Amino acid sequence: SQKIEQNSEALNIQEGKTATLTCNYTNYSPAYLQWYRQDPGRGPVFLLLIRENEKEKRKERLKVTFDTTLKQSLFHITASQPADSATYLCALGIRGNTGGFKTIFGAGTRLFVKA
Amino acid sequence: DARVTQTPRHKVTEMGQEVTMRCQPILGHNTVFWYRQTMMQGLELLAYFRNRAPLDDSGMPKDRFSAEMPDATLATLKIQPSEPRDSAVYFCASGFNPPPDTQYFGPGTRLTVL
């Protein structure tokens, strides 16, 4: 069956450390993968996108890797801050049958950064 | 600062009533998505449109849900009749083709069906 798995348990880290979140998928062949941030009571906010032919992308303190052989993406936040505390969602871009791309979201990982 | 807007933000209704949720996508975006989010199922894609035409609504219960785009500035999601299991937060998102679609989400409509 098709699955997207993210750490179901919350991740607690100390301010200044690097947070690493994992996204594994099964029986999908995504054309691209995205990471979104969601705060309580709000809609998800786009952070980064990486295509199937890319290995790594960076944006400021964020880094994402994409290994299509392992079917895994890692999302890193360096020099983490309490303001980074949120839920982070992994999303796969899947070619649809009728054109365009469907986005399939993982359940998300809750990150807590302690001061 | 362009944003996706959704109305209403909260809706409480009784089982069997019709519910209509509205979304105004960001001007110039040509794809619109409807999602439902619950604690149990997470964020589920219900339907999406490109240039106002439905591309995929396979995630939507067809017997009670319908999604339309009467014009480029309005997308609607209707539930008739509503059931308690429809209680969730419904998000609209818009984006710009060609892919990959970076999606801009609205604030959501929190629906409670009693």
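My aim in this report is to walk through the structure given alongside it, one point at a time.

Definitions and cut-offs
- Residues numbered from 1 in each chain as written.
- Chains lettered and ligands numbered in written order.
- Predicted model: local features only at pLDDT ≥ 70, side-chain atom pairs only at ≥ 80, totals over all residues.
- Heavy atoms only, no water.
- Pairing = 2+ DSSP bridges.
- Helix = DSSP H or I, 4+ residues; strand = E, 2+ residues; numbered from the N terminus.
- Axes fitted to C-alpha atoms, helices over the stretch in contact; angles between N-to-C directions.
- Core = buried A, V, L, I, M, F, W, Y, C linked by side-chain atoms within 4.5 Å.
- Buried < 20%, exposed > 50% of the residue type's maximum accessible area, 1.4 Å probe, protein only.
- Contact = heavy atoms within 4.5 Å.
- Buried area = accessible area lost by both parts, 1.4 Å probe.
- Salt bridge = Lys/Arg side-chain N within 4 Å of Asp/Glu carboxyl O.
- Polar contact = N/O pair within 3.5 Å; in protein donor to acceptor, adjacent residues only side chain to side chain.
- Nonpolar A, V, L, I, M, F, W, Y, C, P; charged D, E, K, R; others polar.

## Quick word on the sheet that holds strand β7 (residues 62-67) of chain A
Residues and elements named next belong to chain A.
Then step 1. Strand order across the open sheet formed by five strands is β1-β3-β8-β7-β6, with antiparallel pairing between neighbours. On the outer flanks of this sheet lie β1 (3-6) and β6 (56-59), each paired with one strand and no other. Across this sheet, the average inter-strand angle for adjacent strands is 15°, counted without regard to direction.
Then step 2. As paired strands, β7 and strand β8 (residues 72-77) are joined by six bridges and run antiparallel to one another. Counterpart to V64 in the pairing with β8 is F75.

## A few points about the nonpolar core
Then step 1. Grouped together as the largest cluster of nonpolar side chains are 24 residues, with contacts concentrated most on L33, W35, F75, Y88 and L92 of chain A.
Then step 2. Elements represented by at least two residues in this core include exactly β3 (19-26), β4 (32-38), β5 (45-51), β7, β8, β9 (86-95) and β11 (109-114) of chain A.
Then step 3. With five residues, the single largest contributor to this core is β9 of chain A.
Then step 4. Residues V4, A47, A67 and M69 of chain B belong to the second largest nonpolar core, which totals 22 residues.

## So, the interface of chain A and chain B
It is common to give the size of an interface as the accessible area lost on bringing the parts into contact.
Then step 1. Counting from both sides, the interface comprises 19 residues of chain A and, opposite them, 20 residues of chain B.
Then step 2. Where chain A abuts chain B, roughly 1,600 Å² becomes buried across the two surfaces, and 53% of that area is made up of carbon and sulfur atoms.
Then step 3. When the buried surface of chain A facing chain B is broken down by residue, F101, K102 and F105 of chain A rank first, second and third, together holding 27% of it.
Then step 4. On the surface where chain A and chain B come into contact, there are one salt bridge.
Then step 5. Between D56 of chain B and K102 of chain A there is a salt bridge; the shortest N-O distance is 3.6 Å.
Then step 6. Here chain A is connected to chain B by three residue pairs in polar contact (both at pLDDT 80 or more).
Then step 7. Contributing elements (two or more residues each) for the side of chain A that touches chain B: β4, β5 and β10 (101-105) of chain A.
Then step 8. Its residues placed into classes, the side of chain A that touches chain B shows eight nonpolar, eight polar and three charged.

That's the geometry; what it means functionally is another story.
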